[in-house]
Amino acid sequence: MLRRGRGRGNPADRGGAGGLGAVLALTFLASLSTGAVNNGVFFVAQEAHGFGRALNLALGLVVGGVYVPAALAVGPALRRLAESRPGVTTRRTLVALMVAMAGLAALPVAAPAPWAIWVFAALYIPLMGALWPIVEAYLSGGRRGPRLRHAIGAFNLAWAAAVAAAAWGMSPALGLGRPLMVFLGLGLVHLACLAPVLRLTPDPPRHLHEPEAPHPAVYVGLLACFRRLLFLSYVLLAALSPILPWRLDGLGLATGWQLPLASAWMAGRLGVFALMQRWGGWHGRWRTPVWASSAMIGGVVLTLTAPAVWMTAVGLAAFGVGIGAIYAAGLYYAMEVGAAEVDAGGRHEAMIGLGYGTGPMLGLAAIGIERVWAGAQFAPTLAWLAVGVSAVGLALAARAGRRAMRPGRPSGKVR
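Please read these numbers as outputs of a predicted model, since none were measured by experiment.

## Describing the overall build of the chain
Piece 1. Across its full length, the chain carries 16 helices and zero strands.
Piece 2. Across the 415 residues that make up the chain, the buried fraction comes to 54%.
Piece 3. The long-range fraction of contacts in the chain, counting pairs at least 24 apart against all pairs at least 6 apart in sequence, stands at 85%.
Piece 4. Of the roughly 16700 Å² that the chain leaves accessible, carbon and sulfur atoms contribute 66%.

## A few points about helix α5 (residues 114-140)
Piece 1. Here α5 is 27 residues long and its end C-alpha atoms lie 40 Å apart, about the 39 Å a rise of 1.5 Å per residue gives.
Piece 2. The buried fraction of α5 amounts to 19 of the 27 residues, a majority that puts the element mostly inside the structure.
Piece 3. Following α5 by one or two positions, Gly142 has its phi on the positive side, about 80°.

## Things to note about the confidence of the model for the chain
Piece 1. For the chain, per-residue confidence averages 82 on the pLDDT scale, and residues scoring 70 or more make up 85% of the total.
Piece 2. Here residues 1-17 is modelled with pLDDT under 50, and outside its nearest four sequence neighbours on either side it reaches 60 contacts, counting other chains as well.
Piece 3. Across residues 339-346 the pLDDT falls below 50, and counting only partners more than four positions away or on other chains, this stretch makes 11 contacts in the model.

## Points about the packing of aromatic side chains
Piece 1. Following the criterion strictly, the structure yields 16 aromatic pairs and no others.
Piece 2. Aromatic side chains Phe226 and Tyr333 sit 5.9 Å apart centroid to centroid with 25° between the ring planes, which places their arrangement in the stacked category. Residue Phe226 is found in helix α9 (residues 218-240), and its partner Tyr333 is found in helix α14 (residues 309-337); the two are separated by 107 residues along the sequence.
Piece 3. In textbook terms, an aromatic cluster arises when at least three aromatic residues are bridged by ring pairs, as seen for Tyr219, Phe226, Trp282, Tyr332 and Tyr333.
Piece 4. The residue whose ring lies beneath Arg53 is Trp246, and the NZ or CZ to ring-centre distance is 5.2 Å.

## Brief notes about the environment of Arg92
Piece 1. Turning to its location among the elements, Arg92 is positioned in helix α3 (residues 90-105).
Piece 2. For the pair Arg92 and Pro202, spaced 110 residues apart in the sequence, the C-alpha separation amounts to 7.5 Å.

## Overview of helix α1 (residues 20-49)
Piece 1. Taking 1.5 Å per residue, 30 residues should reach 44 Å; α1 reaches 41 Å between its end C-alpha atoms and fits that length.
Piece 2. Along α1, the helix axis deviates most sharply at Gly40, where the bend reaches about 60°.
Piece 3. Extensive coverage of α1 is indicated by the burial of 24 of its 30 residues.
Piece 4. Within two residues after α1, Gly50 carries a phi angle of roughly 70°, on the positive side.

How each quantity is defined
Residues numbered from 1 in each chain as written. Predicted model: local features only at pLDDT ≥ 70, side-chain atom pairs only at ≥ 80, totals over all residues. Heavy atoms only, no water. Helix = DSSP H or I, 4+ residues; strand = E, 2+ residues; numbered from the N terminus. Buried < 20%, exposed > 50% of the residue type's maximum accessible area, 1.4 Å probe, protein only. Contact = heavy atoms within 4.5 Å. Areas by Shrake-Rupley, 256 points an atom, 1.4 Å probe, with all protein chains shown as cover. Expected span 1.5 Å × (residues − 1). pLDDT = per-residue confidence, 0-100. Phe/Tyr/Trp six-rings, centres within 6.5 Å; stacked < 30°, edge-to-face > 60°. Lys NZ or Arg CZ within 6 Å of the ring centre and 35° of its normal. Bend = angle between axes of the 7 residues up to and from the residue.

Spelled out as structure tokens, the structure:
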């Protein structure tokens, strides 16, 4: 990260400043806000400004389109600034980010017009892209091996729980017909983040350089496979999230209950995170991508085509289990194969960002087909497109896994 290792001792081992507790507290609070933006902004846009399927999908394109360059460019730029300016530390950078994000959250309330939603998304998402690499530097700094795996497992549970909690926390404002009040809540959450930020060390602890433990050869193939599945999972998520308000409206579900029902996929993801952190029976097994991708694809199809609310909830929960398992396994194998061989963090985030940017195009394509093809209906059309894209994604994932396992390929070399 910026500058590491000032002072004595390893603060990653302590519960105080710079310890895991402060990192997880920051992760939970920040995920309440950033998770609400990624998943709830579409419900707010529909209720506050009448955004329909097309506008919400276009908004999803903005969210996804700025994520990748933000994560890859804004974060490193902030780090270079901190390295070149005396007195600028990682912790102070985090303070500035929290204040800026809180200020941006007030924009849609101060200017209650549709353009403010677009400007908010275009400016807030780059700051999110700068935030999480910094948080992850505090998470990983000074930790390796089992301690790092434990920390990442706790990190996954913290942010996944916060995203689900945010869905329930936003529902009262939507149910009362005051959707823009959600943004005031986001701003207050970012200001609350200052408390754990100030408990961190000025800069993340040093990364430890230890000899890499040997990993089973099958992990190389599984990493290649899950990397492609990770991209596919976020394509499907980004196609589904913007049209969920429309889908739940069509089922007759009251506005105040739509986000809680939508949180079913978040609860499914949280549950599988907890399971996979505690149960190691999925390690090194090719059946894991099979059941994970089956749950993901079956869940999204059921969500789009189910005729009843309870069936939609089942579909969302299955979808969450599938994408959660893919995320957890992909991160695990990236970590186990070794950072010296694979740029685990960068490629992991790139797959997520590319998926966010690609997914809304499926929904827009379904709208186009509905308009030009007599008899075509949006939800079944999107379901067929999702199945088609998934078939291609599964084929590419299987091919990548087989190629990575070919004799003669150096262990750990995954593209």
